[in-house]
Amino acid sequence: MTLHIYNTLTRKKEAFKPIDPQHVGMYVCGPTVYDFAHIGNARPVIVFDVMCRLLQTLYPKVTYVRNITDVDDKINAKAKETGEDIRTITERTAAMFHEDMAALNAKAPSIEPRATEHIAEMIEMIERLIEYGHAYAADGHVLFHVPSMPNYGELSRRKMEDMIAGARVEVASYKKDPADFVLWKPSEDDVPGWDSPWGRGRPGWHIECSAMSRKYLGDTFDIHGGGHDLVFPHHENEIAQSCCANKTDKFANYWMHNGHLMVEGEKMSKSLGNFFTVHELLEEVPGEALRFYMLSSQYRSPFDFTKDGVREAKATLDRFYTALRQHKDVVAADVAAPDAFMEALKDDLNTPLAISVMHECLSAFNKDPSAHNKGVLMACANLLGILEQDIEGWFTGAGDQGAGGVDGAAVQALIDERATAKLNKDFATADRIRDELDAMGVVLEDGAGGTSWKLK
RNA sequence: GGCGCGGUGGUAGAGUGGUUAUGCAGCGGAUUGCAAAUCCGUGAACAGCGGUUCGAAUCCGCUCCGCGCCUCCA
């Protein structure tokens with residue numbers, strides 16, 4: 001089977017046909033850098049990282065663009081609140097974002113453009129929109145005139161009349177039509193601004209993605225991704241801006257949207273206090289467990305994030321690492337992932353099904369720890385971006401992944417002592433040492449190659 | 001009000017018009033000085049009501065329940 005993608009544009013699963021089979025382009029909406037990334041932000045990063053890995057195995061070249069929004073009113077508000085310099089906030093937050101996403105085994109995108117470095121491209125695009133009659137300047141603002149685009153609303157499938165009826169925000173006086181949205185807005189002196197034909201100002205939310213995707217991927221490209229909530233208005237407006245400015249019918253051919261997260265059965269929100277940042281979760285659990293947990297459901301489904309679920313995901317990864325640890329001397333053969341696994345991923349990224357195939361591979365490897373079976377397992381793992389940690393570190397907390405707090409040398413000394421006791425058939429002493437270690441949170445496993453240990 | 005999504009065994013979570021998902025938990029067994037890990041076996045489901053069909057949990061309709069978006073939230 002060829003790769004199939006559920007396309008939000010058509011609401012159907014479609015066979016993926018790249019514009020250029022030699023080079024696939026994908027754009028994903030990235031973070032606005034004003035605060036720590038929360039687990040909800042992590043989902044698209046993980047999902048599209050897997051997508052990118054899959055595309056890379058199917059096509060010779062993939063360009064994956066994920067932007068950083070570093071000009072935004074939420075950033076301005078944060079600066080006002082804390083008294084910090086805006087640049088300080090965005091630089092620090094972007095650095096933290098990179099650190100957190102790396103901990104989730106998410107590879108860096110091919111290109112990570114920043115909005116503030118593409119103001120000229122945005123202004124140029126806005127000028128074209130005005131020139132072509134799709135935008136107008138009014139009261140220091142530049143607005144996209146929605147009625148100028150006949151098929152506006154195609155992605156989100158909503159009619160303009162419905163939107164106006166349901167609008168909950170009062171319409172600014174300078175708008176010709178209530179649905180018109182901002183391309184450029186004036187900046188007061190205490191807010192970042194750039195010189196433009198319409199005075200000192202800053203871009204609206206949507207224009208950066210239109211300008212930057214065009215610069216790096218062209219007028220029309222293959223895949224555009226993001227969170228489900230971005231379908232409207234963000235992506236709808238991107239389409240409007242890009243198609244009208246570039247005079248094209250199509251912006252992105254395939255639109256992929258990941259479902260939202262809930263926490264312990266409730267909508268994640270700051271007021272409920274159920275807002276986990278990736279940063280704080282990483283203090284409790286390895287990033288790889290968070291990643292694996294997210295991949296345990298299909299990306300379009302809503303995902304109920306629970307602490308129990310995280311623990312279970314960690315325990316499942318323990319099984320995989322246990323097998324790798326027991327057969328660490330086996331050199332993995334260089335083989336491809338099995339068909340069933342690939343078919344699952346190629347079916348709109350069915351990661352839960354793919355993981356079930358991995359369990360079968362694990363079982364096969366446990367029964368027959370051959371180089372081939374290990375290779376098969378690792379080929380699957382590489383596509384999902386798991387089993388990338390140091391094995392001993394995973395079990396003993398020796399790496400920087402999660403809590404350790406146990407002195408490895410001391411543990412080894414006790415294990416040696418116990419080995420001597422066992423040799424002398426002094427099982428009372430051996431069991432006492434086991435209990436002692438158990439109290440320290442250390443579990444022993446006697447294997448053919450000696451005794452190994454892990455944290456509970 | 002408009003648009004859209006979903007309700008699967010104890011639990012998480014796939015899938016299919018007729019045939020075992022898978023993991024965890026449970027139960028039985030093998031193995032082990034005892035454990036752990038592993039292996040083998042095993043019970044258990046498709047929200048409700050109609051309809052289409054030789055046959056539906058899978059298609060259609062209705063009902064109930066839950067959820068998302070509707071101008072700057074991934």
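One numbering rule holds for all chains: residues counted from 1, following each sequence as written. Just so you know, chain letters begin at A and ligand numbers begin at 1, following the order they were written in. Where local features are concerned, this predicted model is filtered to residues with pLDDT of at least 70; where side-chain atom pairs are given and counted, the filter is 80 or more; whole-chain, interface and lining totals use all residues. For the side-chain quantities, the full set of heavy atoms in the structure was used; hydrogens and water were omitted.

Caption draft 1: Summary view of the overall build of chain A. When its secondary structure is counted, chain A shows 16 helices and 15 strands. Expressed as lengths along the three principal axes of its C-alpha atoms, the size of chain A is roughly 90 × 55 × 35 Å. Evaluated residue by residue, chain A yields a buried proportion of 52% over its 456 residues. Only heavy atoms enter the contact rule, under which two residues are in contact if any of them lie within 4.5 Å. For chain A, the share of sequence-separated contacts (at least 6 apart) that also reach a separation of at least 24 residues comes to 76%. Within the structure as shown, chain A displays about 20,500 Å² of accessible surface, and the carbon and sulfur contribution to it stands at 51%. Positive and negative side-chain charges of chain A, numbering 49 and 69 respectively, have mean locations separated by a distance of 3 Å. Going along the chain from the N terminus, every DSSP run of H or I of four or more residues is numbered as a helix, and every run of E of two or more is numbered as a strand. Summary of the burial criterion: residues with accessible area below 20% of their type's maximum are buried, those above 50% are exposed, and those between are partly exposed, where the area comes from a 1.4 Å probe applied to protein chains only. All accessibility values rest on the Shrake-Rupley procedure with a 1.4 Å probe; residue burial counts only the protein chains present in the view. His is not counted, nor are the chain ends; Lys and Arg add positive charge and Asp and Glu add negative charge. A charged residue contributes its charge at one atom only: NZ of Lys, CZ of Arg, CG of Asp or CD of Glu.

Caption draft 2: Molecular detail of the domain arrangement of chain A. Each domain's extent is set by a domain assignment, obtained either automatically or from a database. The domains assigned to chain A are domain 1 (18-262), domain 2 (282-396) and domain 3 (408-455). One C-alpha centre belongs to domain 1, the other to domain 3, and the line joining them spans 57 Å.

Caption draft 3: Local environment of the confidence of the model for chain A. For chain A, per-residue confidence averages 91 on the pLDDT scale, and 95% of positions sit at 70 or higher. Scored from 0 to 100, pLDDT records how confident the predictor is in each individual residue. Taken as a whole, residues 399-403 scores under 50 in pLDDT and shows nine contacts with residues more than four places along the chain or in a different chain. Reported for the predicted complex are a pTM of 0.94 and an ipTM of 0.92.

Caption draft 4: Structural context of the sheet that holds strand β6 (residues 141-144). Note on pairing: DSSP must find at least two bridges between two strands before they are called paired. As summarised here, the arrangement of the four strands in space is β5-β6-β7-β8, forming an open sheet in which the pairing is antiparallel. This sheet does not close on itself; its edge strands, each paired only once, are β5 (135-138) and β8 (201-203). With direction set aside, neighbouring strand axes in the sheet form an average angle of 20°. In this sheet, strand β7 (residues 181-186) lies alongside β6 in antiparallel orientation, the contact comprising three bridges. Residue pairing in the sheet places F144 in a bridge with F181 of β7. Comment: axis = line fitted to C-alpha atoms, over the contacting stretch for helices; angle = value between 0 and 180 degrees taken between N-to-C directions. On the sheet, helix α4 (residues 119-131) packs against β5, β6, β7 and β8 and is oriented at approximately 120° with respect to β7.

Caption draft 5: Quick peek at the packing of α4 against helix α6 (residues 207-217). It is at 9 Å that the axes of α4 and α6 come closest, and there the two elements cross at 105°. By the angle between their directions, the pair α4 and α6 is classed as roughly perpendicular. Between α4 and α6, the contacting residues are E121, M122, E124, M125, I126, R128 and L129 on the first element and I207, E208, S210, A211, R214 and K215 on the second. Looking at the contact of α4 with α6 residue by residue, the class counts come to six nonpolar, one polar and six charged. Here roughly perpendicular refers to angles of 65 to 115 degrees, roughly parallel to angles under 35, roughly antiparallel to angles over 145, and oblique to all remaining angles. For this classification, the nonpolar set comprises Ala, Val, Leu, Ile, Met, Phe, Trp, Tyr, Cys and Pro, the charged set comprises Asp, Glu, Lys and Arg, and every other residue, Gly included, is treated as polar.

Caption draft 6: Spotlight on the protein's contact with RNA strand B. When at least one non-hydrogen atom of a residue lies within 4 Å of a molecule or strand, that residue is treated as near it. Of all residues adjacent to RNA strand B, which total 55 residues, the nearest are K74, G227, L230, K367 and D431. Of all atoms in RNA strand B that approach within 4 Å of the protein, 57% are sugar or phosphate atoms. Between RNA strand B and the protein, one listed contact pairs a phosphate oxygen with a backbone N or O atom of Q298 at 2.8 Å. Between RNA strand B and N366, the relevant distance is 3.2 Å, taken from a sugar or linking oxygen to a side-chain nitrogen or oxygen of the residue. Grouping the constituent residues of the surface near RNA strand B by class yields 15 nonpolar, 22 polar and 18 charged. Residues adjacent in sequence count toward polar contacts only when both atoms are side-chain atoms; beyond that, a polar contact is any pair of N or O atoms within 3.5 Å, and within protein one must be able to donate a hydrogen and the other to accept it.

Caption draft 7: How the structure looks around the packing of α6 against helix α7 (residues 231-246). Running from N to C, α6 and α7 point in directions that differ by 50°, and their axes come no closer than 8 Å. Compared by their axis directions, α6 and α7 come out oblique. In terms of crossing hand, the pair formed by α6 and α7 is right-handed. Of the residues in α7, those touching α6 at I207, C209, S210 and R214 are H234, E238, Q241, S242 and N246. Per-class residue counts for the contact of α6 with α7 are two nonpolar, five polar and two charged. Crossings are assigned a handedness: left-handed for a near helix turned anticlockwise from the far helix by less than a right angle, right-handed for a clockwise turn.

Caption draft 8: Molecular detail of the sheet that holds strand β10 (residues 252-258). Taken together, the four strands give an open sheet; going across it, the order is β4-β3-β9-β10, and neighbouring strands pair in parallel fashion. The strands lining the two open edges of the sheet, one partner per strand, are β4 (62-66) and β10. For this sheet, the mean inter-axis angle between neighbouring strands, taken without regard to orientation, is 20°. Direction of pairing for strand β3 (residues 24-28) relative to strand β9 (residues 221-227): parallel, over a ladder of three bridges. From the neighbouring strand, V28 faces β9, where its bridge partner is G225.

Caption draft 9: Spotlight on the side chain of S196. Among the secondary structure elements, S196 is positioned in the loop between β7 and β8. Looking at S196, its side chain comes within polar contact range of the side chain of W184, at 3.2 Å. Ignoring any residue separated from it by four or fewer positions in sequence, one finds S196 in contact with I123 and W184.

Caption draft 10: Broad picture of the layout of surface pockets. Lining residues are those with an atom within 4 Å of a point, where the points come from a 1 Å grid over the protein atoms alone and group into cavities, where a 1.4 Å probe fits but cannot get out, or pockets, open sets with protein on both sides within 12 Å along at least five of seven lines. Grid points are joined across faces, edges and corners, and a volume is the space filled by probe spheres set on the points. There is about 1,400 Å³ of room inside the largest pocket. Lining the largest pocket are 49 residues, and of these T32, H38, N41, K74 and D229 lie nearest its centre. Put simply, the parts of the chain that give the lining of the largest pocket at least two residues each are α1 (39-58), α2 (73-82), α3 (86-103), β7, β8 and α6. In terms of residue count, the dominant contributor to the lining of the largest pocket is α1 (four residues). A per-class count over the lining of the largest pocket returns 21 nonpolar, 17 polar and eleven charged.

Caption draft 11: Spatial organisation of the pairing of strand β14 (residues 442-447). Note: β14 against strand β15 (residues 450-455), six bridges, orientation antiparallel. When the sheet's bridge partners are listed, G447 is paired in β15 with G450.

Caption draft 12: A look at unusual backbone geometry. Here the bond from F232 into P233 is cis, since omega is 5°, no more than 30 degrees from zero. Tracing the sequence through the fold places P233 in helix α7. Even without a glycine there, the phi angle at N105 is positive, about 60°.

Caption draft 13: A look at the pairing of β7. The pairing of β7 with β8 spans three bridges and is antiparallel. Considered in β8, the bridge of W184 is made with P203.

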